[in-house]
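Summary of the model geometry
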Amino acid sequence: MNKELPTTPGCQGPIVGIDLGTTHSLVGYYDSGFPILFSNEEGSRLTPSVVSYLEGSLPCVGKAAVRQQLLYPEETITSVKHLMGRRISDPECVGWDQLIGSRGEPVKIKLGQRIVTPEEVSSEILKELKKTAEARLGVLVQRAIITVPAYFNDAQRQATRRAGEIAGLIVERIISEPTAAALAYGLDKLQDHSKIAVYDFGGGTFDLSVLKLDHGLFQVLSTCGDTNLGGDTIDQALTDFLLTKLKLENSRDSKILMRLRQAGRRAKEELSFAQETTIHLPFIEGNRSIEITLTRVELEKIALPVIERTRALCLRSLADANLNVEDLDEVILVGGSTRIPAIRALVEELFKKPPNLTQHPDEAVALGAVLQGALLEGNLHAVTLLDVTPLSLGIETFGGLMNVIIPRNTTIPTKAGELFTNAVAGQEKMKITLLQGERERAQHNWKLGELELPFTPAPKGQARVGVQFSLDVNGLLQVLVRDVISGKEKMVEISHAVDVSDEAVEAMIAESLEHAFEDRDARLFVEAQLQAVEMLPAVEKALQELDGLISPETVDTVRTCATHVSQALERGALAPLKKALLELDEATQTVATLLIEKAMHG
């Protein structure tokens, strides 16, 4: 019979910090001036993020589930973090045999006779961590800080929050993993004005964040990453290597694949410290047993293509922060995979300095979550933590352009807005299309949602509609649209920022760089096009009003220039259109002067 734990009134109990990891998860609390990570029943601070659902039994979590995985792979799931906030059509869902559902539907997982959601699986891990914390603290734990990868979009953050709620937790804050890790290092390791890079290569995700510590203000300058790149990627490459070397590549036996993956992962971990290791696989296929030696050189050859993928992301994050590697004071490593010597060698070569190894790479994120909890409880006051938004947010404007309201890498929480007007006379409503992305044309960015606001019909350019974007500390978005004249307003809360793959998030930034010049030209052409569409009828109207007041030569010159503008519009080329508009503008100087004089003299 379980002992009933004491509670605290009004849910004012301890705030624990949780690193809900792809491979392992941790929980801790700030006690007596120190951040402490709790050991589970097996004496380890790392709880494997593995859940097994055996028929007729309660879900099993951690090392016990890892043991059951070898016998019951169809009833066991690992790396469920990859599926948080996903839909069946997402590329990351390809290759998961346990997923069910129709294209576009939220992911569901078939484990034996049970069908569960990723949030429900993650909640079992969180329940286990909650139980561990309660056993160590002796009180009911109801409040938590939970970390997520920096590139988790809004749908994935919301899914993480729901998992916490299912586990019986009030999620006080969702914070990014690199930010948490930097907080763990920053309190006692860094000096004011320090700039650091956080190289976070975890089980399932990679992030490179650049941060600055200045007079107690801890600010993320930029972040860039890939939420489908990590230790799991190396494990898969190693498994494929073993399948080929052992001539098992045609095997579809899930137990064989699972044993190879687990054996490969153990070998990878051992080769972080040894030059070679032996993989033993008794009775891997019927009576066939295998014993194979794997060297560090072989492992690094397998892993290097994966590791090299982090290089471009690091350079992009530095560029976003407007820094060179020489500007960095520290480079810190986070995630168990950073123990691999090849990763440490790449970091030192890329950043031109040895990485800071003073923190335990598996525990830094959890320690940061614990410290964030202490800050919320008022037990720490030394550091203020600010995060950033990874992609720009804005709306579609006339001509199909994206108007950015909150630029990428803006510190959050933040609030920003702009005033817009009607593009058509007599317009009775305005449709606001919400966008996220880095491209100039709306069609190349991601649509978050839309809303319509009715307003009093007015001449072109006379209506006034304010649009305000608000991002809270969890990176969740609220959009307020208000008719300034009538006071009518609508608000939408975005519960899913983008239902696209995180691979596409990184691709968005890469595409924005690749297409930077053509995107710029596309924006300039649309702006010139709008100018031309407004200018041509205005010029013709002016010529009619001034009939007889200007010379025929001037009229012919203006109309010839107007024809050139129309022809350039039809050609759809920027340079000829800009040149034609400039010539028309110069040709109508006399016309504009006469219009002003006529207006002044009635």
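Residues numbered from 1 in each chain as written. Predicted model: local features only at pLDDT ≥ 70, side-chain atom pairs only at ≥ 80, totals over all residues. Heavy atoms only, no water.

**Considering the overall build of the protein**
Just so we agree on the cut-off: Counting from the N terminus, the helices are the DSSP runs of H or I reaching at least four residues and the strands are the DSSP runs of E reaching at least two. Buried residues are those whose accessible area, probed at 1.4 Å on protein chains only, stays under 20% of the maximum for their type, while exposed residues exceed 50% and partly exposed ones sit between those limits. Contacts between residues were defined by any pair of non-hydrogen atoms, one from each residue, lying within 4.5 Å. The protein chains shown are the only cover counted for residues, whose accessible areas, like all others here, come from Shrake-Rupley with a 1.4 Å probe. In summary, the charge assignment counts Lys and Arg as positive and Asp and Glu as negative, without counting His or the chain termini. A single reference atom marks each charge: NZ on Lys, CZ on Arg, CG on Asp, CD on Glu.
Per the secondary structure count, the protein includes 14 helices and 28 strands. Sorting the 602 residues of the protein into buried and exposed places 52% on the buried side. Nonlocal contacts in the protein, meaning residues at least 24 apart in sequence, comprise 66% of its contacts between residues at least 6 apart. Total accessible area computed for the protein in this model is approximately 27500 Å², and 51% of it derives from carbon and sulfur atoms. Of the charged side chains in the protein, 62 are positive and 83 negative; the average position of the first set lies 3 Å away from that of the second.

**Structural notes on a nonpolar patch on the surface**
Just so we agree on the cut-off: Patches draw on residues past 30% relative accessible area with no salt bridge. Two like charges within 9 Å are joined, as are two nonpolar side chains (Val, Leu, Ile, Met, Phe, Trp, Tyr) within 5 Å. Any carboxyl oxygen of Asp or Glu that lies within 4 Å of a side-chain nitrogen of Lys or Arg is treated as forming a salt bridge with it.
A cluster of nonpolar residues, L70, L71 and Y72, forms a patch on the protein surface that exposes about 270 Å² of accessible area. Here L71 lies in helix 1 (residues 63-71).

**A word on the side chain of S123**
Its location among the elements puts S123 in helix 2 (residues 118-137). Judged by relative accessible area, which is 1%, S123 ranks as buried. Residue contacts for S123: discarding those within four places in its chain leaves A163, I166 and A167.

**Examining the pairing of strand 14 (residues 206-214)**
Applicable threshold: What makes two strands pair is DSSP finding at least two bridges between them.
Burial runs high along strand 14: seven of the nine residues are buried. As judged from the eight bridges shared by strand 13 (residues 194-201) and strand 14, these two strands associate in the antiparallel manner. Bridging from a neighbouring strand, K195 pairs with K212 of strand 14. Taken together, strand 13 and the strand that follows it, strand 14, pair antiparallel across an intervening segment of four residues.

**Examining helix 3 (residues 154-166)**
Applied cut-off: For a helix, the expected span equals 1.5 Å multiplied by the number of residues minus one.
Between its terminal C-alpha atoms helix 3 stretches 18 Å, which fits the 18 Å expected from 13 residues at 1.5 Å a residue. A large share of helix 3 lies buried, amounting to 10 of its 13 residues. Inspection of helix 3 places D154, A155, Q156, R157, Q158, A159, T160, R161, A163 and G164 among the buried residues, and these make up the whole buried set. Positive backbone phi, at 85°, marks G168, one or two positions downstream of helix 3.

**Quick look at the state of the cysteines**
Rules: Note on terminology: disulfide denotes any pair of cysteine sulfur atoms within 2.5 Å.
All told, the structure shown has zero disulfides when counted by the stated rule. As a non-bridged cysteine, C224 has C314 as the owner of its nearest cysteine sulfur, 8.6 Å distant.

**Describing the confidence of the model for the protein**
Note the cut-off: Summary of the metric used: pLDDT quantifies the predictor's per-residue confidence within the range 0 to 100.
The predicted model of the protein has a mean per-residue pLDDT of 82, with 90% of residues at 70 or higher. Ignoring residues within four places in sequence, the model shows residues 496-500, a span with pLDDT below 50, making 19 contacts including any to other chains.

**Here's the deal with the side chain of D235**
So the rule is basically this: We define a polar contact as two N or O atoms separated by no more than 3.5 Å, with the added condition that, inside protein, one atom must be a possible hydrogen donor and the other a possible acceptor, whereas residues neighbouring each other in sequence contribute only through side-chain atom pairs.
By the secondary structure assignment, D235 is in helix 5 (residues 231-245). Within the structure, the side chain of D235 is placed 2.8 Å from the side chain of R265, a separation counted as a polar contact. Once residues within four sequence positions are removed from consideration, D235 is found in contact with R261, R265 and K268.

**Comments concerning empty space enclosed by the protein**
The condition is simple: Space inside and on the surface of the protein is sampled on a 1 Å grid over the protein atoms alone, with a cavity defined as a set of points where a 1.4 Å probe fits but cannot get out and a pocket as an open set with protein on both sides within 12 Å along at least 5 of 7 lines; lining residues have an atom within 4 Å of a point. Grid points are joined across faces, edges and corners, and a volume is the space filled by probe spheres set on the points. Three categories are distinguished: nonpolar for Ala, Val, Leu, Ile, Met, Phe, Trp, Tyr, Cys and Pro, charged for Asp, Glu, Lys and Arg, and polar for the others, with Gly belonging to the last.
Counted under the stated rule, the structure contains two cavities of 30 Å³ or more. Estimates place the volume of the second largest cavity at around 30 Å³. If you trace the second largest cavity, you find it lined by L20, G21, S49, V80, K81, S122 and I125. Its residues assigned to classes, the lining of the second largest cavity comprises three nonpolar, three polar and one charged.

**Regarding the sheet that holds strand 21 (residues 401-406)**
Worth spelling out the cut-off: Note on geometry: axes are C-alpha line fits, over the in-contact stretch for helices, and angles between N-to-C directions span 0 to 180 degrees.
Ordered in space as 21-20-24-25, the four strands form an open sheet in which the pairing is antiparallel. Edge positions in the sheet fall to strand 21 and strand 25 (446-458), since each has one partner strand and no second. Pairs of neighbouring strands in the sheet enclose a mean axial angle of 30°, with direction left out of account.

**Looking at the environment of C224**
Positionally, C224 belongs in strand 15 (residues 217-226). Given the relative accessible area of 0%, C224 is considered buried. Along the sequence, C224 and A312 sit 88 residues apart, while their C-alpha atoms lie 9.7 Å from each other. Not counting the four nearest positions on each side in its chain, C224 is found in contact with Y151, D207, L208, L313, R316, S317 and R408.

**Comments concerning the pattern of salt bridges**
Pairs can form between side chains of opposite charge whenever their charged atoms are close. Here the structure, examined in full by the defined rule, presents 22 salt bridges. Measuring nitrogen to oxygen at the nearest pair gives 2.8 Å for the salt bridge that ties E134 to K130. Of the two residues, E134 and K130 are both situated in helix 2; the distance of four residues between them amounts to about one turn of the helix. The exposure class of E134 is buried, given its relative accessible area of 12%. A salt bridge links D235 to K268, with the nearest nitrogen and oxygen atoms 2.9 Å apart. Of the two residues, D235 is situated in helix 5 and K268 in helix 6 (residues 254-270); the sequence distance between them amounts to 33 residues. You can call K268 buried: its relative accessible area is 8%.

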